[in-house]
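Spelled out from the first residue to the last, the chains are:
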Amino acid sequence: MFELLTTNTFTATSSPFFSPAPPFPSQISTPSPLPINLPALSLSFPSPTFTGSSTESMTRAECNLKISPSILVVRFGDPAKANCSKSSTGFPMLGWVNTQGASDTTMESFLVWSVDKMTEWAVNPICFATSDQGGDCSSNLPLIVYKPPKKVSIQFLNHTGPMFERHQYSLQCTVQDVAPVGNVIVTFYRGQTPLGQLRSNWTTEKTPVNESFTLIITPFKEDNGSQYWCEAKLELGPAGPQHPPVETSQNLTVMVLWNPEPIHPTKLHMKEEKHLDSELKTNQQPLGSGTTNSGCFLWFALLAHLIDSET
């Protein structure tokens with residue numbers, strides 16, 4: 001039996017600095033104003049659609065770009081690849097571009113993007129096709145680079161030693177060196193009983209960080225000797241590993257102290273009366289025992305007197 005209150009307290013040891021990505025090759029800056037003495041010209045520029053918004057579905061319909069797999073989940077340091085293909089005519093050139101500025105193009109109907117070793121945390125591969133008229137369309141490849149937790153530990157905040165019944169205590173689970181932390185689910189346990197689940201608020205953080213999760217518990221005397229522990233699971237969805245990476249903490253055995261049940265004064269008085277009555281019954285001799293003993297003594301005395309008279 002216990003009470004708990006779930007609260008989140010978050011701490012991170014890393015403060016990643018994000019630098020803006022270089023412009024894509026197909027991006028065009030706004031032209032400078034024309035000289036006043038020149039005739040006005042009508043200029044038009046293709047508008048790239050390298051976004052993951054509703055525009056993406058429109059551009060896909062125009063050039064029918066298909067990326068396989070549709071979502072790529074790769075462990076940091078592992079190889080990765082994806083295929084992009086087109087079925088529409090009128091888009092002769094097909095290519096890949098990523099946030100680092102690297103690009104690759106082909107005139108074929110498909111093109112494979114691949115890396116031998118994933119060493120970047122924020123990668124955004126984009127497949128694009130250019131039309132004969134100078135326009136283009138594109139489709140993003142959602143890519144998650146992950147790293148399982150290095151270590152998970154559990155402790156009580158600002159407390160050591162035994163706990164007192166019905167007092168509140170902060171149980172903290174710390175997950176170290178994990179990415180992306182927004183996909184981490186932390187579960188607290190007492191024995192094999194789950195007490196609560198917490199998730200990170202850092203949903204946009206992609207680099208490895210340390211983060212702490214706090215659960216408020218209220219122990220009772222039944223919890224004396226229980227073992228508390230926590231686990232951190234990296235939930236990466238259907239495109240992730242079949243068995244999500246899980247790391248568990250050590251067991252934390254607790255001692256709970258409680259006050260004996262208070263005795264009401266009326267009950268205490270009744271107990272004292274019963275105790276005295278029991279003592280009286282124990283010390284009381286059986287009824288008639290004194291008379292029997294006296295009769296035996298007189299009988300022996302009379303017998304001794306008769307014997308003396310005859311002699």
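This is a predicted model, so every value here is computed, not measured.

### Points about the overall build of the protein chain
Check the secondary structure of the protein chain and you find three helices and 20 strands. Per-residue burial for the protein chain yields a buried fraction of 33% across its 311 residues. Considering only intrachain contacts with a sequence separation of at least 6, the fraction spanning at least 24 residues in the protein chain is 69%. Of the accessible surface of the protein chain, which amounts to about 19,900 Å², a share of 56% is contributed by carbon and sulfur atoms.

### Points about the sheet that holds strand E9 (residues 136–140)
Ordered by their spatial adjacency, four strands build an open sheet running E6-E5-E8-E9, and the pairing between neighbours is antiparallel. Looking at strand neighbours, the two that pair on one side only are strand E6 (103–106) and E9, the edges of this open sheet. Each strand of the sheet is rotated relative to its neighbour by a mean of 20 degrees, with strand direction disregarded. Where strand E5 (residues 93–97) lies against strand E8 (residues 126–130), five bridges are found, and the strand directions are antiparallel. Across the sheet, the residue bridging to Leu94 is Ala129, located in E8.

### Overview of the pairing of strand E16 (residues 209–218)
For E16, the buried fraction is high: 10 of the 10 residues fall into the buried class. Covered by surrounding structure in E16 are Val209, Glu211, Phe213, Leu215 and Ile217 together with Asn210, Ser212, Thr214, Ile216 and Thr218, the residues of both alternating faces. One ladder, built from eight bridges, connects strand E13 (residues 169–178) with E16; its direction is antiparallel. Residue pairing across strands places Val175 opposite Glu211, the latter belonging to E16.

### Quick notes on the sheet that holds strand E4 (residues 80–86)
Within the open sheet, the three strands sit side by side as E2-E4-E7. Their pairing is antiparallel. The open sheet terminates on both sides in strands that have one partner only, identified here as strand E2 (65–68) and strand E7 (110–115). Each adjacent strand pair in this sheet contributes to an overall mean axis angle of 20 degrees, direction not counted. Bridging between E4 and E7 involves six bridges; their strand directions are antiparallel.

### Comments concerning the state of the cysteines
Evaluated as defined, the whole model comprises two disulfides. Each sulfur in the disulfide pair Cys84 and Cys127 lies 1.8 Å from the other. Note on the Cys84 and Cys127 pair: the S-S dihedral is about -80 degrees, so by sign convention the disulfide is left-handed. Within this pair, whereas Cys84 is found in strand E4, its partner Cys127 is found in strand E8, the two being separated by 43 residues in sequence. Pair check on accessibility: Cys84 and Cys127 agree, each one buried. A disulfide bridge connects Cys173 with Cys230, and the sulfur atoms are separated by 2.1 Å.

### Focus: the layout of surface pockets
Rolled over the atoms, a probe sized like a water molecule indicates the empty space that remains. Taken as a whole, the second largest pocket holds about 230 Å³ of empty space. Residue lining of the second largest pocket: 14 residues in total, with Leu143, Ile144, Pro180, Asn183 and Lys206 positioned closest to the centre. Classifying every residue of the lining of the second largest pocket gives seven nonpolar, five polar and two charged.

### Looking at unusual backbone geometry
Of note, the amide linkage connecting Ser68 to Pro69 takes the cis form, showing an omega dihedral of 0 degrees. Examined against the element boundaries, Pro69 turns out to sit in the loop between E2 and strand E3 (72–75). For the bond from Ala179 to Pro180, the omega torsion is -15 degrees, close enough to zero to count as cis. Considering the arrangement of structural elements, one finds Pro180 in the loop between E13 and strand E14 (184–190). If you check the backbone angles, Arg166 has positive phi at about 70 degrees while not being a glycine.

### Considering the confidence of the model for the protein chain
Considering every residue of the protein chain, the mean pLDDT works out to 75; 61% of them sit at 70 or more. Across the protein chain, element-level confidence peaks in E14 with a mean pLDDT of 98 and bottoms out in helix H1 (residues 54–63) with 46. Here residues 287–292 scores under 50 on pLDDT; set against residues more than four positions off or in separate chains, the count is zero contacts.

Reading the values: rules and limits
- Here the residue numbering is sequential within each chain, running from 1 through the sequence in written order.
- Local features in a predicted model are, by the rule used here, given only for residues with pLDDT of at least 70; side-chain atom pairs are given and counted only at 80 or more, and totals for whole chains, interfaces and linings are based on all residues.
- As a convention, hydrogens and water are excluded, and side-chain values are obtained from all of the structure's heavy atoms.
- Here a helix means four or more residues in a row that DSSP labels H or I, a strand means two or more in a row labelled E, and each is numbered from the N terminus.
- Residue burial is assigned from relative accessible area. The probe radius is 1.4 Å, only protein chains are included, and a residue is buried under 20% of its type maximum, exposed over 50%, and partly exposed in between.
- Working rule for contacts: check all heavy atoms of both residues, and any pair within 4.5 Å makes them a contact.
- Methods summary: accessible areas were calculated by the Shrake-Rupley approach with a probe of 1.4 Å, and residue burial reflects only the protein chains presented.
- Two strands are counted as paired when DSSP detects at least two bridges linking them.
- To define axes, lines are fitted to C-alpha atoms, for helices over the stretch in contact only, and angles between the resulting N-to-C directions are given on a 0 to 180 degree scale.
- Any cysteine sulfur atom paired with another within 2.5 Å is treated as part of a disulfide.
- Here a cavity is any set of points on a 1 Å grid over the protein atoms alone where a 1.4 Å probe fits but cannot get out, and a pocket is any open set with protein on both sides within 12 Å along at least 5 of 7 lines; a residue lines the site when it has an atom within 4 Å of a point.
- Grid points are joined across faces, edges and corners, and a volume is the space filled by probe spheres set on the points.
- In this classification, the charged set is Asp, Glu, Lys and Arg, the nonpolar set is Ala, Val, Leu, Ile, Met, Phe, Trp, Tyr, Cys and Pro, and all remaining amino acids, among them Gly, are polar.
- Confidence of the prediction at every residue is given by pLDDT, a number between 0 and 100.

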